[in-house]
Amino acid sequence: MFQADMALIGLAVMGQNLVLNMADHGFKVTVYNRSFDKTQTFIDGSAKGKSIQAAETLTDLVNSLSKPRKIMLMVKAGSVVDDFIDQLTPLLDAGDIIIDGGNSLYTDSTRRTRELGNKGLYFIGTGVSGGEEGARFGPSIMPGGHPEAWPFVKPIFQAIAAQSDGDACCEWVGPEGAGHYVKMVHNGIEYGDMQLISEAYQLMREGLGMSADECHEVFKEWNRGVLDSYLIEITADILSFKDTDGEPLVDKILDAAGQKGTGKWTGISSLEMGIPLTLITESVYARCLSALKNERLQAAKIYPRTLPTVEVEREVMLQAIHDGLYAAKIISYTQGYMLMAQAASEFKWPLNYGGIALMWRGGCIIRSRFLGEIKSAFDKQLDLANLLQAPFFEQAIKEAESNWRHAVIFGVQNSIPTPALSSALAFFDGYRSEQVSANLIQAQRDYFGAHTYERVDRPRGEWFHTDWVGSGGNIRSSTYEV
Ligand code: 6PG
């Protein structure tokens, strides 16, 4: 066997394509799969003639590698990753590196970094985005874990990653599970982008009575402007695709969305961190609601939709939907960045926000022109606290605001659900309000539970309790806390 630069375990579609990508960039790779038949088929097929060799056992694989050894796992997230780590650990020497490139939960990556560190080994948990084609020709790669391991892996990862304006869409993200955290937020944003596009599509189809072909033309046009992105591009393609009978295939697809969990993890993390990640979380719920197909069929009979009440001009409303989609997308990324900032502070991860935008600029599923604007906002102001404070996005939101409201109202008037578009607007209206209604909530909490409140005419941190009905004592709830 030749001495290889890297090993990869797990020859499903992402694994195979990453290996071919590495070989194309001059790296020598040893591959291993649990069923050797699959390895052999790969070696005799698409890997033929390339600097790729098969290992029949993990011992062979380990022995084929130059030191420090770099072994990448592209296997199902969860216990399979731990099983391979357990099998590899006794075969490795101090300083060797295990990389997990699956969609792993970030807390698992933090745990694995610590456990392997205690054994003198290094661990990198990395997000890899871009699907099959990205893996083959340039994914976005988001590595985190032991920083000591990064110099050894960097030349390989940055060579195979997508390039954007001469920069690799791959940079060190941070310690422990930071890489997988950022990939998780990427996936949450992916859910949000997909939901927004789907809402725009339904407003066009059912609100404006447009055909799939007409929607195709609109998305194609939008892809030439500020919404230019991979997801808008594939949406245009999907809408023009015909089934064997010549009808749009999209109309034959059951409206029950699947999910593998990364969007849900993002929502859970936002609740744990107290960050209002409303758009992404609504997008996860929208998939859950879509999956209740049978119940929806029943409910549709009981509560038939109200018919459109207002005549609108198609071109005018299309512009409103476009602007609403753009503004809501700004809110979604704002919320995603707020979440990452909170995670960075809680976990003490020095995240590089401009670098994250660059990693997402190319190769991944959410790649877009828009991410170039986020990157420039952070380049101009390294300590930017919130995307909505960047002049570029401030202007964009102000220009879109009125149309955004029209699009949401149009959905409401036509009984077309727009959870992402409208929750983004509700977030915006709350975020930019000097006064919200939480004074009443505080009063209610104090009324029924003596939970106390702060006063506008006294310094923050002074707590008051009122005997609202004249029969309670002056005991505050904190008295009862254990
Ligand atoms: C990527 C994608 C990918 C994700 C799928 C499916 O970055 O290439 O995010 O990692 O797993 O898109 O996700 P759902 O099944 O949850 O929609």
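Whatever comes next refers back to the structure up there.
Residues numbered from 1 in each chain as written. Predicted model: local features only at pLDDT ≥ 70, side-chain atom pairs only at ≥ 80, totals over all residues. Heavy atoms only, no water.

Trainee: Kindly report on the sheet that holds strand S4 (residues 70-73), identifying the contributing residues and their values.
Mentor: The strand order S3-S2-S1-S4-S5-S6-S7-S10 describes an open sheet built from 8 strands, whose pairing is mixed. Unpaired on one side and paired on the other, strand S3 (52-54) and strand S10 (174-175) mark the two borders of the sheet. As paired elements, strand S7 (residues 140-145) and S10 share 2 bridges and run parallel to each other. Of the residues in S10, the one forming a bridge with Gly-145 is Pro-175. In the packing of helix H2 (residues 36-44) onto the sheet, contacts are made with strand S2 (29-32) and S3, and the angle to S3 comes to roughly 150°. (Pairing = 2+ DSSP bridges. Helix = DSSP H or I, 4+ residues; strand = E, 2+ residues; numbered from the N terminus. Contact = heavy atoms within 4.5 Å. Axes fitted to C-alpha atoms, helices over the stretch in contact; angles between N-to-C directions.)

Trainee: Can you explain the pattern of salt bridges? Please cite residues and give values.
Mentor: Throughout the structure, instances matching the rule amount to 32 salt bridges. Here Lys-242 ties to Asp-213 by a salt bridge, and the two come within 2.8 Å at their closest N and O atoms. Taken together, the residues Lys-242 in the loop between helix H10 (230-240) and helix H11 (262-273) and Asp-213 in helix H9 (residues 212-222) connect sequence positions 29 residues apart. Under the relative-accessibility criterion, Lys-242 is labelled partly exposed at 32%. The exposure class of Asp-213 is partly exposed, given its relative accessible area of 37%. As a salt-bridge pair, Arg-296 and Asp-255 come within 3.2 Å of each other at their nearest N and O atoms. (Salt bridge = Lys/Arg side-chain N within 4 Å of Asp/Glu carboxyl O. Buried < 20%, exposed > 50% of the residue type's maximum accessible area, 1.4 Å probe, protein only.)

Trainee: So what's going on with the site of the ligand? Residues and values would help.
Mentor: As a matter of local geometry, the ligand sits amid 13 residues, with Asn-103, Ser-129, Glu-190, Tyr-191 and Arg-287 nearest to it. Note that an oxygen atom of the ligand is positioned 3.5 Å from one of the backbone N or O atoms of Gly-131. One nitrogen or oxygen atom from the side chain of Tyr-191 is found 2.6 Å from an oxygen atom belonging to the ligand. In isolation the ligand has 410 Å² of accessible area, and contact with the protein removes 80% of it. Ranked by residues supplied to the shell around the ligand, first place goes to helix H8 (residues 178-207) with 5 residues. Looking at side-chain class alone, the shell around the ligand contains 2 nonpolar, 7 polar and 4 charged residues. (Near = heavy atom within 4 Å. Polar contact = N/O pair within 3.5 Å; in protein donor to acceptor, adjacent residues only side chain to side chain. Areas by Shrake-Rupley, 256 points an atom, 1.4 Å probe, with all protein chains shown as cover. Nonpolar A, V, L, I, M, F, W, Y, C, P; charged D, E, K, R; others polar.)

Trainee: Describe the packing of aromatic side chains, listing the residues and the values that go with them.
Mentor: Under the criterion given, the structure shown has 22 aromatic pairs. By the ring-pair criterion, three or more aromatic residues cluster together here, those being Tyr-326, Tyr-333, Phe-370, Phe-392 and Phe-393. In this structure, Lys-329 is placed above the aromatic ring of Phe-370, and the distance from its NZ or CZ to the ring centre is 5.2 Å. Between the NZ or CZ atom of Arg-367 and the centre of the ring of Tyr-230, over which it lies, the distance is 4.1 Å. (Phe/Tyr/Trp six-rings, centres within 6.5 Å; stacked < 30°, edge-to-face > 60°. Lys NZ or Arg CZ within 6 Å of the ring centre and 35° of its normal.)

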